Amino acid sequence: MAWDLDSDRPIYLQLVERIQMQIVSGAYEPGGKLPSVREYAAEAAVNPNTMQKAFSELERSGLIITQRTNGRVVTDDVELIRKIRDELAQEQAEVFLRKMAELGLSREEAIGVLRQIGGADNE
Amino acid sequence: MSELIEIAGLSKSYGRVAAVNNISLKLPKGKIIGLLGPNGSGKTTLIKMLNGLLTPDAGSITIGGVPVGPGTMARVAYLPDRTYLAESKTILQVLDFFCDFYADFSKDKALSLLASLGIDPSVKLKTLSKGNKEKVQLILVMSRNADLYVLDEPIAGVDPAARDYILRTIIDNYNPEACVIISTHLISDVEKVLDEVVFMRYGHLVLYTSVDNIREQHGKSVDAYFREVFAC
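Residues numbered from 1 in each chain as written. Chains lettered and ligands numbered in written order. Predicted model: local features only at pLDDT ≥ 70, side-chain atom pairs only at ≥ 80, totals over all residues. Heavy atoms only, no water.

### Focus on the overall build of chain A
Summing up its helical and strand segments, chain A has 5 helices and 2 strands in all. The helix and strand sequence of chain A, counted from the amino end, reads α-α-α-β-β-α-α. Relative to the 2.2 N^0.38 estimate, which gives 14 Å for 123 residues, the radius of gyration of chain A is 18 Å and therefore markedly larger than a compact globule would have. If one aligns the C-alpha atoms of chain A with their principal axes, the spans along those axes are about 55 × 35 × 25 Å. (Helix = DSSP H or I, 4+ residues; strand = E, 2+ residues; numbered from the N terminus. Rg over C-alpha atoms; globule rule 2.2 N^0.38 Å.)

As structure tokens, then:
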């Protein structure tokens, strides 16, 4: 299945976000091998050059590492993966709080809503 | 980035109408480039000059440093905007025809692509649906090992699933040392696979930039930007 991409933002950025998500969520394990640029590009139905650009970006952040003989792997630096996951979680939390503020809820009230849902799920 | 195609001061008129008007452009290898413009903007005329099918009134084109002519025709794979194959031939006969014509044609590759689509190569072209006919012609072109692939409206008139197949075939089969030029007005369908775009209007070059540049600078898709630039 081709990946769903927004039409108004650079494609490579969206690929970076998608692959980051796959790594922090554990779909690709620390130290695990990643598909090749071509395989990934075919899966996403995007240009291989754009996928290459996304990979370069992820290499710069240290999340993926190119090994001369073994292709590309996810970093085995679990700390780094956790740090990036926390950053992404924080971004999402900010988005949530901003939307709640638009609805007129204070931060406390918004957190209350979260607790309520979280509590209901645990029952 | 090494340039594959160099176009300098290129012009072509039909009577008093200038179809291509003084275009200069350098295109690199290894990229998939969209040639975009409204109807009658000169896209097909430019493509035919790249293929040596039309002679420019003025200016020059070189491909890999060689002026367009017999020397470049063997290195350029062209998908015209209309069918040119004899309908009464079978696909196998057409494959043999391509083997005779093009030293860089891989019959094995064409057969395996046909098999992946479940198209029987022993049938006559006239029995194929429009979508399958388009796919067969694309397979013929992409089974060559060319320096330049020029695809004129490869996805016009086929359904969305067939478009996806065609675009995927282009991505999977083009050689990273080659350049692919795709002319189309179905921009939203192809923009995910394009590196760069060339906008043409009234035979002039309007813009040559990368897809991500347009998205970064204007915060909109190439399709939306095109509608803005060419608003009637």
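### A look at empty space enclosed by the protein
Residue and element names in this part refer to chain B. On inspection of all chains with the given rule, the structure shows 1 cavity of 30 Å³ or more. Put simply, the largest cavity is a space of about 50 Å³. Taken together, Leu25, Leu27, Ile33, Gly34, Leu35, Leu46, Leu50, Ile181 and Val198 form the lining of the largest cavity. Sorting the residues of the lining of the largest cavity by element identifies strand 2 (17-28), strand 3 (32-36) and helix 1 (43-50) as the ones contributing at least two each. At 3 residues, the largest contribution of residues to the lining of the largest cavity is made by strand 3. (1 Å grid on protein atoms, 1.4 Å probe; cavity = no way out; pocket = protein on both sides within 12 Å on 5 of 7 lines; lining within 4 Å. Points joined across faces, edges and corners; volume = space filled by probe spheres on them.)

### Let's talk about the pairing of strand 8 (residues 179-183) of chain B
Consecutive residues of a regular strand have side chains that alternate between opposite faces of the sheet. Residue and element names in this part refer to chain B. By the criterion of burial, strand 8 is predominantly enclosed, with 5 of the 5 residues buried. A two-sided burial pattern is seen for strand 8, the buried positions comprising Cys179, Ile181 and Ser183 on one face and Val180 and Ile182 on the other. Relative to strand 8, strand 3 runs parallel, the two sharing 4 bridges. Note that in strand 8 the partner of Ile33 across the bridge is Ile181. In the sheet, strand 7 (residues 148-152) pairs with strand 8 via 5 bridges, with the strands oriented parallel. In the strand pairing of strand 8, Leu151 is matched with Ile182. The β-α-β motif built from strand 7, the intervening helix 6 (residues 160-173) and the parallel element strand 8 has right-handed crossover chirality. (Buried < 20%, exposed > 50% of the residue type's maximum accessible area, 1.4 Å probe, protein only. Pairing = 2+ DSSP bridges. Right-handed = clockwise from strand over helix to strand, strands pointing away.)

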